[in-house]
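Coordinate inspection notes
If you want the building blocks of each chain, they are given just below.
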Amino acid sequence: MPSFKSIRARAEKRKGGPKALEKLMPDKPDLKRLAKLGDDRILAEMTKRVFCAGFAWSVIDAKWDGFEDAFLRFQPAKLSFQPEDFWEGLLRDARIVRNGAKIMSVRDNAAFVQEIAKEHGSFGKFLAKWPPSNEIGLLDLLAKRGSRLGGNTGQMLLRFVGWDGFVTSKDVVACLRDAGLDIAEEVKSKGDLAKVQAQFNAWAEETGLPYTHLSRICALSVGENRSE
């Protein structure tokens, strides 16, 4: 596999130079901030990612205040104690997107968040301690113990709460394949994920960059996001 230096150089050329590329980088992960993130905000982000999956994000964003009210500000303990008629009522609640399976995932994920918080102090503390060199292990846990948090949904959840990880977007995968990594165009198998993890681990060791930055630079080095 080539040095990451060549991938970064290509991204810099496409985006107008090193300084221009640097401006496109997300904030560096802040483990202290993540550890202090409330369980209600974790559950809120889980819910947003679940409802955004296969749906227009703009619609979910526009309705989000309604989601917050309908789901009791995403307080896990409160939601876990709600009776069946509360959840049945949400199926008729125009403040949210009325998808039955996704609505019920909130109840399941409220329990999941509470379980992790009981084991680790809070969900944020749990995430802050999990090493980015084993993102595939964390994604597996989210898929198995959470509800509808597998695949890209789990990756986007981690990205939006500020955990340091890669995202196997179309452009990131195209970059990896162009660099010579033998993976499918859509990374879904555990084998392909393991290869992606190993490559990002190698590049993180080479560069000292956060995984979020490595992933972003990969995405900007290929695809249609060309500089003007």
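Presented here is a report on the structure given in the accompanying data block. No experiment lies behind these values; they were computed from the predicted model shown.

Turning next to the packing of helix 1 (residues 4–15) against helix 14 (residues 190–207). Remark: helix 1 packs on helix 14, axes separated minimally by 10 Å, with the N-to-C direction vectors making an angle of 85°. With respect to helix 14, the element helix 1 is oriented roughly perpendicular. In this structure, helix 1 contributes Phe-4, Lys-5 and Ile-7 to the contact, and helix 14 contributes Trp-203, Glu-206 and Thr-207. Tallied by class, residues from the contact of helix 1 with helix 14 come to three nonpolar, one polar and two charged.

Among the secondary structure elements, Asp-164 is positioned in the loop between helix 12 (151–161) and helix 13 (170–178). Arg-159 provides the closest opposite charge to the buried, unpaired Asp-164, separated from it by 6.8 Å. A polar contact is formed between the side chain of Asp-164 and the backbone nitrogen of Tyr-211, at a distance of 2.9 Å. Among the polar contacts listed, one links the side chain of Asp-164 to the backbone nitrogen of Thr-212, at a separation of 2.8 Å. Not counting the four nearest positions on each side in its chain, Asp-164 is found in contact with Pro-29, Pro-132, Pro-210, Tyr-211 and Thr-212.

Next up on the list: the state of the cysteines. Applying the stated criterion across every chain, the model contains zero disulfides. As a non-bridged cysteine, Cys-175 has Cys-218 as the owner of its nearest cysteine sulfur, 3.3 Å distant. Classification of Cys-175 by relative accessible area gives buried; the value is 0%.

What follows is about the layout of surface pockets. For the largest pocket, the calculated volume is near 430 Å³. Taken together, 19 residues line the largest pocket, and the ones lying closest to its centre are Gly-151, Gln-155, Val-187, Lys-188 and Leu-193. Those elements that place two or more of their residues in the lining of the largest pocket are helix 11 (135–145), helix 12, helix 13 and helix 14. Of all the elements, helix 11 adds the most residues to the lining of the largest pocket, at four residues. Grouping the constituent residues of the lining of the largest pocket by class yields seven nonpolar, six polar and six charged. The volume enclosed by the second largest pocket comes to roughly 180 Å³. Lining the second largest pocket are Pro-26, Asp-27, Lys-28, Pro-29, Asp-30, Arg-33, Arg-159, Gly-162, Trp-163 and Thr-212. Looking at the lining of the second largest pocket residue by residue, the class counts come to three nonpolar, two polar and five charged.

The rules behind each value
- Residues numbered from 1 in each chain as written.
- Predicted model: local features only at pLDDT ≥ 70, side-chain atom pairs only at ≥ 80, totals over all residues.
- Heavy atoms only, no water.
- Axes fitted to C-alpha atoms, helices over the stretch in contact; angles between N-to-C directions.
- Helix = DSSP H or I, 4+ residues; strand = E, 2+ residues; numbered from the N terminus.
- Parallel < 35°, antiparallel > 145°, perpendicular 65-115°, else oblique.
- Contact = heavy atoms within 4.5 Å.
- Nonpolar A, V, L, I, M, F, W, Y, C, P; charged D, E, K, R; others polar.
- Buried < 20%, exposed > 50% of the residue type's maximum accessible area, 1.4 Å probe, protein only.
- Lys, Arg positive; Asp, Glu negative; His and termini not counted.
- Salt bridge = Lys/Arg side-chain N within 4 Å of Asp/Glu carboxyl O.
- Polar contact = N/O pair within 3.5 Å; in protein donor to acceptor, adjacent residues only side chain to side chain.
- Disulfide = S-S within 2.5 Å.
- 1 Å grid on protein atoms, 1.4 Å probe; cavity = no way out; pocket = protein on both sides within 12 Å on 5 of 7 lines; lining within 4 Å.
- Points joined across faces, edges and corners; volume = space filled by probe spheres on them.

Function cannot be read off these values alone, since they describe shape.
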